[in-house]
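One-letter residues, chain by chain:
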Amino acid sequence: MSAGLLDTFRVLSSFDPPRGALRGAPWEEYVDWAIMQGLAPLAAYNLEYRLGAGNAPEWARDKLLSIYQGSVNDNVMKLVNFKRIVGALEGRKLVLMGAASFADSLYPHVGFRPVPELQILMKRLDVDGFSGFLSHHEFVPEPDTENSGAAKVVSDGRTVILLYSDVLGPQRREQTAGILERAKPMRVYGSSLYRPELEDAVLLVALEHARHGYAVPWLSFIDLRELVTGAKWMGGVYSRPLDVPVLLARATEWRLERALYTSLSIVARLFPDAAADATAALPPLRRATRELLERTVVGPVCTPGRTSALKGMERVRRLLTGQ
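Here the structure is a predicted model, which means the values were calculated and not measured.

*Asks:* Could you clarify how one ought to interpret unusual backbone geometry in this entry?
*Replies:* Residues other than glycine predominantly adopt negative phi, and peptide bonds predominantly adopt the trans conformation. Its identity as a non-glycine residue notwithstanding, Ala 231 has a phi of 40 degrees, on the positive side. Of note, Ala 231 is situated in the loop between helix H9 (219-228) and helix H10 (244-253). For Arg 255, which is not glycine, the phi torsion reads 60 degrees and is therefore positive. Of note, Arg 255 is situated in the loop between H10 and helix H11 (257-270).

This is the structure in structure tokens:
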């Protein structure tokens, strides 16, 4: 049986890909799509080192492998430079979110998870001070062209850093303070760097999905898959089962029940092996709301190769984020 685009994605995004499952894979369609979705580094590694090239044509292997090598170099450059800058910083609590937090905690190799930018949560009063600290290392303010919701965006021309304070919105500052209080030490970057607790990390991923109208790289759904299934390959801070009652209570406090439902439903559809864990954590929404989300967001998002934006997404975004 030929492997379709979704089947090819599932095989090459696995940390334990099954052999012999890529016969007839649609390489012409897959390769450029995978690069756009941030999937190329993991796919390249799987093809070269886990699947014996998986019957992929040489041009496809070469293209994916060049992205993998570039991702490794780019990640190392960004993260080593960031560690050099903040390693000696003391007396602060800076919470590293998203890709930079996940690359070493969810993925067996830091190069599998491209880090396009650094996202850091901090107290509102620390934003100006930390941006001033970064200015001594050639970081200057940039416009928030992605409408990320960050309090400030700075860059040194190579690395973009987004500084967040009211990540849940100005009406939920108490809940944001809870994220800071629960954050776990990230000692590799010194005494001032932390990462979100597991349940907070899940909700922050769902929030980012919703804020971007689910126009996010499919790599982000691998992040969520690993969070939901307990990062079984790593043995680290996220390698434990979700506390579902805590997750659901927090989703209600943050008004993210709909976003959480949508993101978990996407993971359940994309990754059959993760479906049980994702489904077990679904918030209990009304049937009409579930059907609306499945029809307008989950189904379209789970169609690989889709290029059109979701219809009425601004309305759906407000519905999902409660903002």
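That was the structure; now back to the text.
*Asks:* Please explain the sheet that holds strand S4 (residues 152-155) as it appears in this structure.
*Replies:* Working definition: the strands of a sheet are paired by backbone hydrogen bonds and lie parallel or antiparallel to each other. Taken in spatial order, the 7 strands line up as S3-S4-S5-S2-S1-S7-S6 in an open sheet, and their pairing is mixed. If you trace the sheet from one side to the other, it starts and ends with strand S3 (140-141) and strand S6 (184-185), each paired once. Bridging between strand S1 (residues 94-97) and strand S7 (residues 193-195) involves 2 bridges; their strand directions are parallel. In the strand pairing of S7, Val 95 is matched with Tyr 194. Helix H4 (residues 58-86) contacts S1, strand S2 (118-121), strand S5 (160-164) and S7 of the sheet and is inclined by roughly 35 degrees relative to S2.

*Asks:* It is not clear to me how the pattern of salt bridges should be interpreted in this structure. Could you clarify?
*Replies:* Counted according to the given criterion, the structure contains 18 salt bridges. The salt bridge partner of Glu 48 is Arg 61, with a shortest N-O separation of 2.9 Å. In this pair, Glu 48 is assigned in helix H3 (residues 40-50) and Arg 61 in helix H4, connecting sequence segments 13 residues apart. Overall, Arg 61 belongs to the partly exposed group, its relative accessible area being 28%. A salt bridge links Arg 240 to Glu 199, with the shortest nitrogen-to-oxygen separation between them at 2.7 Å. Residue Arg 240 is found in the loop between H9 and H10, and its partner Glu 199 is found in helix H8 (residues 198-211); the two are separated by 41 residues along the sequence. With a relative accessible area of 29%, Arg 240 lands in the partly exposed category. Relative accessible area serves as the criterion here: at 2%, Glu 199 is assigned to the buried category.

What counts as what
Residues numbered from 1 in each chain as written. Predicted model: local features only at pLDDT ≥ 70, side-chain atom pairs only at ≥ 80, totals over all residues. Heavy atoms only, no water. Helix = DSSP H or I, 4+ residues; strand = E, 2+ residues; numbered from the N terminus. Pairing = 2+ DSSP bridges. Contact = heavy atoms within 4.5 Å. Axes fitted to C-alpha atoms, helices over the stretch in contact; angles between N-to-C directions. Salt bridge = Lys/Arg side-chain N within 4 Å of Asp/Glu carboxyl O. Buried < 20%, exposed > 50% of the residue type's maximum accessible area, 1.4 Å probe, protein only.

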